[in-house]
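Here are the chains, one letter per residue:
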Amino acid sequence: MKKEKLIIVGSGPAGLTAAIYAARADLNPLVLEGPNPGGQLMTTSDVENFPGFPDGIMGPELISNMRTQAQKFGARCEMKAVSSVDFSDPKNLKLTVNDEEISAQAVIIATGSVARWLNLGKGEERFWGKGYTACATCDGAFFRGKTVAIVGGGDSACEEATFLTKFAEKVYLIHRRKELRASKPMQKRVFENDKIEVIWNQNVTDLKGETVLESVELTDTDTGEKSELKIQGLFMGIGHDPSTKFLNDSLELTNGYIKVKNHTNSSIPSVFVGGDVADWHYQQAITAAGWGCMAALDAENYLNSLED
Ligand code: NAP
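Residues numbered from 1 in each chain as written. Predicted model: local features only at pLDDT ≥ 70, side-chain atom pairs only at ≥ 80, totals over all residues. Heavy atoms only, no water.

Engineer: Sorry if this is basic, but what is going on with the nonpolar core here?
Structural biologist: Burial of nonpolar side chains together is a common tendency in soluble globular proteins. Within the largest apolar cluster, 24 residues are counted, with the highest numbers of intra-cluster contacts made by Ile 7, Phe 87, Leu 95 and Ile 109. Of all elements in the fold, only β1 (2-9), β2 (30-32), β6 (82-86), β7 (93-97), β8 (100-109) and β21 (271-273) reach the threshold of two or more residues within this core. Ranked by the residues each element gives to this core, the list is headed by β8, at 4 residues. Look past the residues within four positions of Leu 95 in its chain and what remains in contact with it is Ile 7, Val 9, Val 82, Ser 84, Val 85, Glu 100, Glu 101, Ile 102, Ala 104 and Val 107. Leu 6, Ala 22, Ala 75 and Phe 272 belong to the second-largest nonpolar core, a separate cluster that totals 20 residues. (Core = buried A, V, L, I, M, F, W, Y, C linked by side-chain atoms within 4.5 Å. Buried < 20%, exposed > 50% of the residue type's maximum accessible area, 1.4 Å probe, protein only. Helix = DSSP H or I, 4+ residues; strand = E, 2+ residues; numbered from the N terminus. Contact = heavy atoms within 4.5 Å.)

Engineer: Help me out: how do you make sense of the site of the ligand in this one?
Structural biologist: Near the ligand you find 17 residues, and of these Asp 155, Ser 156, Arg 176, Arg 177 and Arg 181 are the closest. Contact distances for the ligand include 3.0 Å between an oxygen atom and a backbone N or O atom of Gly 153. Relative to its unbound accessible area of 910 Å², the ligand is 74% covered by the protein chains. Looking at the shell around the ligand residue by residue, the class counts come to 4 nonpolar, 8 polar and 5 charged. (Near = heavy atom within 4 Å. Polar contact = N/O pair within 3.5 Å; in protein donor to acceptor, adjacent residues only side chain to side chain. Areas by Shrake-Rupley, 256 points an atom, 1.4 Å probe, with all protein chains shown as cover. Nonpolar A, V, L, I, M, F, W, Y, C, P; charged D, E, K, R; others polar.)

Engineer: Mind showing me how you'd approach the state of the cysteines here?
Structural biologist: A covalent bond between the sulfur atoms of two cysteines is what we call a disulfide. The final tally for this structure, using the stated rule, is 1 disulfide. Note that Cys 135 is cross-linked by a disulfide to Cys 138, the S-S spacing being 2.1 Å. Where Cys 135 bonds to Cys 138 through sulfur, the torsion about that S-S bond is close to 70 degrees, and the disulfide is right-handed. Of the cysteine sulfurs around Cys 77, a residue in no disulfide, the closest is that of Cys 293, at 17 Å. The exposure class of Cys 293 is buried, given its relative accessible area of 15%. (Disulfide = S-S within 2.5 Å.)

Engineer: Any chance you could explain the packing of helix α4 (residues 155-164) against helix α5 (residues 184-191) here in plain terms?
Structural biologist: The description of two packed helices rests on the angle between their axes and on the distance between the axes. Two elements in contact, α4 and α5, have axes whose closest approach is 9 Å; the angle formed by their N-to-C orientations is 35 degrees. When you trace α4 past α5, the crossing you get is left-handed. On α5, the residues touching Asp 155, Cys 158, Glu 159 and Thr 162 of α4 are Met 186, Arg 189 and Val 190. Counted by class, the contact of α4 with α5 contains 3 nonpolar, 1 polar and 3 charged residues. (Axes fitted to C-alpha atoms, helices over the stretch in contact; angles between N-to-C directions. Left-handed = near helix turned anticlockwise from the far one by under 90°.)

Engineer: Help me understand empty space enclosed by the protein, please; the structure alone is not making it clear to me.
Structural biologist: Over the atoms a probe the size of a water molecule is rolled, and this reveals where empty space is left. Taken as a whole and assessed by the stated rule, the structure comprises 1 cavity of 30 Å³ or more. Roughly 50 Å³ of internal volume is contained in the largest cavity. Taken together, Ala 115, Arg 116, Ala 134, Ser 156, Glu 160, Met 236, Gly 237, Gly 239, His 240 and Gln 283 make up the full set of residues lining the largest cavity. When grouped by side-chain class, the residues that make up the lining of the largest cavity number 3 nonpolar, 5 polar and 2 charged. (1 Å grid on protein atoms, 1.4 Å probe; cavity = no way out; pocket = protein on both sides within 12 Å on 5 of 7 lines; lining within 4 Å. Points joined across faces, edges and corners; volume = space filled by probe spheres on them.)

Engineer: When you look at the pattern of salt bridges in this model, what are you seeing that I'm missing?
Structural biologist: Two side chains of opposite charge can pair, provided their charged atoms sit close to one another. In the structure shown here, the tally under the stated rule is 11 salt bridges. Across the salt bridge formed by Glu 4 and Arg 76, the nearest N and O atoms sit 2.6 Å from each other. Of this pair, Glu 4 sits in strand β1 while Arg 76 sits in strand β5 (residues 76-78), and the two are 72 residues apart along the sequence. Look at Glu 4 and you get buried, because its relative accessible area is 10%. (Salt bridge = Lys/Arg side-chain N within 4 Å of Asp/Glu carboxyl O.)

Engineer: It is not clear to me how the packing of aromatic side chains should be interpreted in this structure. Could you clarify?
Structural biologist: Under the counting rule described, the total for this entry stands at 7 aromatic pairs. Here Trp 117 and Tyr 132 contribute two aromatic rings whose centre-to-centre distance is 5.0 Å and whose plane-to-plane angle is 80 degrees, an arrangement assigned as edge-to-face. One end of the pair, Trp 117, is in the loop between β9 (113-115) and β10 (132-133); the other, Tyr 132, is in strand β10, with 15 residues separating them in the sequence. Classification of Trp 117 by relative accessible area gives partly exposed; the value is 21%. (Phe/Tyr/Trp six-rings, centres within 6.5 Å; stacked < 30°, edge-to-face > 60°.)

Engineer: Sorry, what's going on with the pairing of strand β15 (residues 215-220) here?
Structural biologist: A regular strand carries its side chains on alternate faces of the sheet. With 6 of its 6 residues buried, β15 lies for the most part within the structure. Burial along β15 is two-sided: Ser 215, Glu 217 and Thr 219 and Val 216, Leu 218 and Asp 220, pointing in opposite directions, are all buried. Relative to β15, strand β14 (residues 202-208) runs antiparallel, the two sharing 6 bridges. Residue Gln 202 lies in a different strand from β15, and its bridge partner there is Asp 220. The loop that links β14 with its antiparallel partner β15 comprises 6 residues; one of these, Gly 209, has a positive phi angle of about 160 degrees. Sheet topology note: the β15/strand β16 (residues 226-230) ladder contains 5 bridges and is antiparallel. Across the sheet, the residue bridging to Ser 215 is Lys 230, located in β16. (Pairing = 2+ DSSP bridges.)

Any functional reading would require information that these geometric values do not contain.
Right, dumping it as structure tokens:
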């Protein structure tokens with residue numbers, strides 16, 4: 001069986017930042033990049049809020065730069081996905097990768113999460129980045145003075161609807177039921193904001209426009225009646241799915257996200273965690289990168305302690 005000192009699972013900003021730090025600490029990390037190398041930034045166009053790029057940078061270019069930087073210090077990046085793990089022995093962690101078993105002394109899980117999309121099956125991807133987006137924090141500023149909508153009834157949708165009113169002239173919150181799931185204080189902020197109008201009992205069932213999004217089709221969840229809503233931006237606030245399936249209950253989770261203590265420790269002492277796979281709240285490239293850095297420093301400390 002192939003034996004590794006440190007394996008980093010995931011290749012978004014958390015995984016690649018962990019790789020830069022681990023490689024510079026001579027830990028010779030193996031980065032298993034996963035089924036979608038680069039993660040969510042690969043489908044993000046302009047990134048205007050990552051420090052160090054005053055003119056912005058395209059998401060794929062940012063990822064490519066991070067990978068080059070990690071490889072420069074000796075990180076080995078392989079486009080392979082982990083299908084299952086066996087963490088029953090913390091001193092001999094086992095990962096199954098393309099039917100091969102690899103063992104490691106320490107592992108950093110940085111597999112991120114995936115924003116839920118409508119999945120209408122009607123070619124909606126042609127509007128991605130052209131009015132259809134999942135990140136209000138990242139893209140809200142592009143909609144100054146415009147009319148936008150956000151789908152969802154949870155804390156994310158309500159928080160982001162409120163945030164979007166800083167830029168947009170009008171914000172519709174489209175929810176499929178007659179009652180919000182969000183906490184009461186979050187709901188209050190929505191109901192008290194004059195720029196937000198809640199549209200109840202409606203699903204978005206189609207996106208329309210020539211080259212950019214111009215309107216959405218709404219379908220009433222009670223009557224099935226269809227209507228059209230003219231908007232320039234549609235934000236998804238229907239949650240994220242953290243990528244933890246391959247862990248098969250080997251680590252403790254909270255609401256699907258990996259449970260962490262002392263910043264980066266999972267429930268297994270040799271398994272560290274960084275980025276959105278443990279973060280339901282901030283979910284930013286820069287917070288993921290910072291968390292990846294912390295995971296690498298903690299993994300380094302742990303590996304050093306084995307040599308004492
Ligand atoms: P969430 O609580 O799971 O809410 C998702 C919302 O999207 C629900 O209202 C759901 O509708 C709706 N939805 C799901 N799939 C849909 C679909 N296909 N079409 C239309 N609507 C759909 O997710 P979240 O709001 O992202 O929050 C995740 C966690 O983070 C929660 O624990 C939340 O409390 C926490 N959070 C906290 C804060 C804060 O405290 N500041 C901020 C953000 C998030 P239904 O209600 O009908 O199921």
